[in-house]
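# Structural features, examined
Here are the chains, one letter per residue:
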Amino acid sequence: MDKFVIEGGHRLRGTVAVAGSKNAVLALIPATLLAPGIHRIRHTPNLRDVWTMSRLMATLGAHVELDSSGELFVDTRAIEHFEAPYEHVKRMRASIYVLGPLLARFGRARVSLPGGCAFGPRPVDLHLKGMEKLGAHITIEHGYIDARTDRLRGAPIHLDVPSVGATVNILYAAALADGETVITNAAMEPEVTALARVLVAMGARIDGIGTSTLRIEGVRELQPLPWVENIPDRIEAATFLIAAAMTRGSIRLTCVNPYHLGTVLDKLEEIGCILDIDGSTVELRCNGELRPSNVTTAPYPGFPTDVQAQWAALMLTAGGSSRVTDTIYPTRFGYVPELRRLGADIEVIENTAIINGQARLEGATVMSSDLRASASLVLAGLVADGRTDVLRIYHLDRGYERLEERLRRLGAAIERVPTDEF
Ligand code: UD1
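Residues numbered from 1 in each chain as written. Predicted model: local features only at pLDDT ≥ 70, side-chain atom pairs only at ≥ 80, totals over all residues. Heavy atoms only, no water.

### So, the site of the ligand
Heads up, the condition is: We call a residue near a molecule or strand when any one of its heavy atoms sits within 4 Å of it. Polar contacts, as counted here, are pairs of nitrogen or oxygen atoms within 3.5 Å of one another; within protein the pair requires one atom able to donate a hydrogen and one able to accept it, and residues that are adjacent in sequence qualify only if both atoms are side-chain atoms. The accessible surface values rely on the Shrake-Rupley method and a 1.4 Å probe; as for residues, cover is taken only from the protein chains in view. Comment: elements are numbered from the N terminus, with helices defined as DSSP H or I runs of at least four residues and strands as E runs of at least two. Amino acids are sorted into nonpolar (Ala, Val, Leu, Ile, Met, Phe, Trp, Tyr, Cys and Pro), charged (Asp, Glu, Lys and Arg) and polar (every other residue, Gly among them).
In the vicinity of the ligand, 18 residues are found, and the nearest of them are Asp 125, Leu 126, Ser 163, Val 164 and Asp 306. Taking Asp 306, its side chain carries an N or O atom lying 2.6 Å from an oxygen atom of the ligand. Here an oxygen atom of the ligand sits 2.7 Å away from a polar atom, N or O, in the main chain of Ile 328. About the coverage of the ligand: the protein hides 82% of its 740 Å² of free accessible area. Mapped by element, the contributors of at least two residues to the shell around the ligand are helix H5 (125-133) and helix H6 (164-175). In terms of residues, the shell around the ligand owes the most to one element, H5, which gives three residues. Taken together, the residues of the shell around the ligand sort by class into nine nonpolar, five polar and four charged.

### Details of the packing of aromatic side chains
The condition is simple: Within 6.5 Å between ring centres, the rings of Phe, Tyr and Trp (the latter by its six-membered ring) count as paired, and their orientation is classed by plane angle as stacked under 30 degrees, edge-to-face over 60, tilted in between. Whether a residue is buried, partly exposed or exposed follows from its accessible area with a 1.4 Å probe, protein chains only, as a fraction of its type maximum: under 20%, in between, or over 50%, in that order.
A full pass over the atoms with the stated rule returns four aromatic pairs. Ring geometry for Phe 82 versus Phe 106: centroids 4.9 Å apart, planes at 50°, classification tilted. Note that Phe 82 is positioned in the loop between strand S5 (72-75) and strand S6 (83-84) and Phe 106 in helix H4 (residues 99-106), a separation of 24 residues in sequence. Taking the relative accessible area as the measure of exposure, Phe 106 reaches 25% and is therefore partly exposed.

### A word on the sheet that holds strand S18 (residues 294-296)
As a reminder, the rule being used: Pairing between two strands is assigned when DSSP locates at least 2 bridges connecting them. Axis lines are fitted through C-alpha atoms, for helices just across the contact stretch, and the angle between N-to-C directions can take any value from 0 to 180 degrees. Residues count as neighbours in contact if any of their non-hydrogen atoms are within 4.5 Å of one another.
Judged by pairing direction, the sheet is mixed, and its four strands sit side by side in the order S18-S19-S21-S20 without closing on themselves. Edge positions in the sheet fall to S18 and strand S20 (345-349), since each has one partner strand and no second. On average, adjacent strands in this sheet sit at an angle of 15° to one another, irrespective of strand direction. In the packing of helix H10 (residues 308-315) onto the sheet, contacts are made with S18, strand S19 (321-325), S20 and strand S21 (352-356), and the angle to S19 comes to roughly 175°.

### A word on the pairing of strand S13 (residues 213-217)
Within a regular strand, side chains alternate between the sheet's two faces. Of the two faces of S13, only the one carrying Leu 214 and Ile 216 is buried; Thr 213, Arg 215 and Glu 217 on the other face are not. Strand direction decides the pairing type here: strand S11 (residues 180-184) and S13, joined by five bridges, are antiparallel. Within S13, the residue paired with Thr 184 across the bridge is Thr 213. As paired elements, strand S12 (residues 205-207) and S13 share three bridges and run antiparallel to each other. Bridge assignment links Asp 207 to a residue of S13, and that residue is Arg 215.

### A word on the pattern of salt bridges
To keep things clear, this is the line we draw: Any Lys or Arg side-chain nitrogen found within 4 Å of a carboxyl oxygen on Asp or Glu counts as a salt bridge.
Under the defined criterion, the tally for this structure stands at 28 salt bridges. Across the pair Asp 49 and Lys 22 runs a salt bridge whose closest N-O atoms are separated by 3.4 Å. Here Asp 49 is found in helix H2 (residues 48-60), whereas its partner Lys 22 is found in helix H1 (residues 22-31), with 27 residues between them in sequence. Arg 402 is the partner of Glu 401 in a salt bridge, and the nearest nitrogen-oxygen pair spans 3.7 Å. Using a relative accessible area of 37% as the deciding quantity, one classes Arg 402 as partly exposed. The network of salt bridges with common partners includes Asp 2, Asp 397, Glu 404 and Arg 416.

### Considering the side chain of Thr 297
Along the chain, the position of Thr 297 falls in the loop between S18 and H10. A relative accessible area of 1% means that Thr 297 is categorised as buried. There is a polar contact of 2.8 Å between the side chain of Thr 297 and the side chain of Asp 326. If near-sequence neighbours (up to four positions away) are discounted, Thr 297 is found in contact with Phe 303, Pro 304, Thr 305, Gln 308, Thr 325, Asp 326, Thr 327 and Ile 328.

### So, H5
Side chains of residues three or four places apart in an α-helix project in the same direction, reflecting 3.6 residues per turn. Turning to H5, its buried residues are Leu 126, His 127, Leu 128, Gly 130 and Met 131. Where H5 is buried, its residues touch H4, strand S8 (137-141), strand S9 (144-148), strand S10 (156-158) and H6. Residue Gly 135 follows H5 closely and has a positive phi angle near 105°.

### Re the nonpolar core
Just so we agree on the cut-off: We define the nonpolar core as a collection of buried residues of types Ala, Val, Leu, Ile, Met, Phe, Trp, Tyr and Cys that are connected through side-chain atoms lying within 4.5 Å of one another.
Leu 171, Leu 195, Leu 199 and Leu 222 are the most contacted members of the largest nonpolar core, which has 75 residues in total. Here the element with the most residues in this core is H6; it accounts for eight residues. Discounting residues that sit within four places of it in the chain, Leu 171 has contacts with Ile 183, Val 192, Leu 195, Ala 196, Leu 199, Ile 206, Leu 214 and Ile 216.

Below you can see the structure in the form of structure tokens.
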């Protein structure tokens, strides 16, 4: 078990390249199940969640290797098992992404039912309803989803909420179903769009990519691709920008897609950061006082729920009272009591964190409860007086590649230290 030890008070300065998107690659890897053959995915981040997905693919019979350049090699010629065991699903909910491809290609899938998670209930009913609409017979037994079909058939599917995961699973399944599927109220997140584009390159017929209505005309088979390029991680990019703003530093992000960061960049400008955007580079400077602000999370292109915890940390350094409301995961505030241990003036009322900025933060030992919560604690540690120890950083390692090394190169004083503390 590792922890981070942070000595606060250093401004971040310099250039950092944004890694490939975790959430996009987690959707791209199971897509390889749809076409037997050899696939290569470039710009794959070296993260715990990617290892978990790779192990799950290996249990199905795939051969998976990640090389040091970030190219993921996946050979899906010998898939012979159709089960995602609890052991993988409990580590990572995105394991449910094998459901759609296995059903579409083999007519059967058994996937452990994901439980709750650190930030509240996260149902999978829309995934299951989607598969049923396409003709799958689904039973739940002994904590497992058992799905079977002779042949999937296209259908109209309206999502009650624009779920990223349900859209992804339905896209996979509809790509190989007979006839047309129309998904309305589909998620429009860049990770969904990236998957849809890759499916099209593999031979799928999908219209409306990037919109909330996706029309998929099923095809008999898909082809593996010699290689596909993953998109940049917009959540990691936002985290680095927020870190620079909090320390009143200046940072240059490369390998970023600024279009994917629209609302976050707008908010950063609104509070007083200076941004310079040029192609795939974003520069941020911040030296004066920051204005408080209110954000409310919403499906893309709204403010991402995956950035709300980091934004709340940033607002601790702004002059005045700010609010962060999460409409997607209303209880995703596990980081708040930990920030309070650092001296933060922050409270939660229903699904809103109310933050009074500029209280002096003092280093302390804090504990991560989930991936983005841990990011917000690290950010707070960067500006707290003295030493902050952040425990349970295995959460953080799920989604940030060597974060401490990259922050150190920007001037932060942060070390990874093995520990028995839990
Ligand atoms: C994905 C992201 C996660 C992000 C989330 C919201 C991945 C691997 N994870 O998660 O980082 O925080 O999108 O942007 O890409 N819902 C239902 N029934 C369902 C599915 C979802 O009610 O069957 C609800 C959820 O409880 C939530 C909302 O829909 O309130 C959005 O969830 P969803 O978009 O599905 O999130 P994930 O795909 O799990």
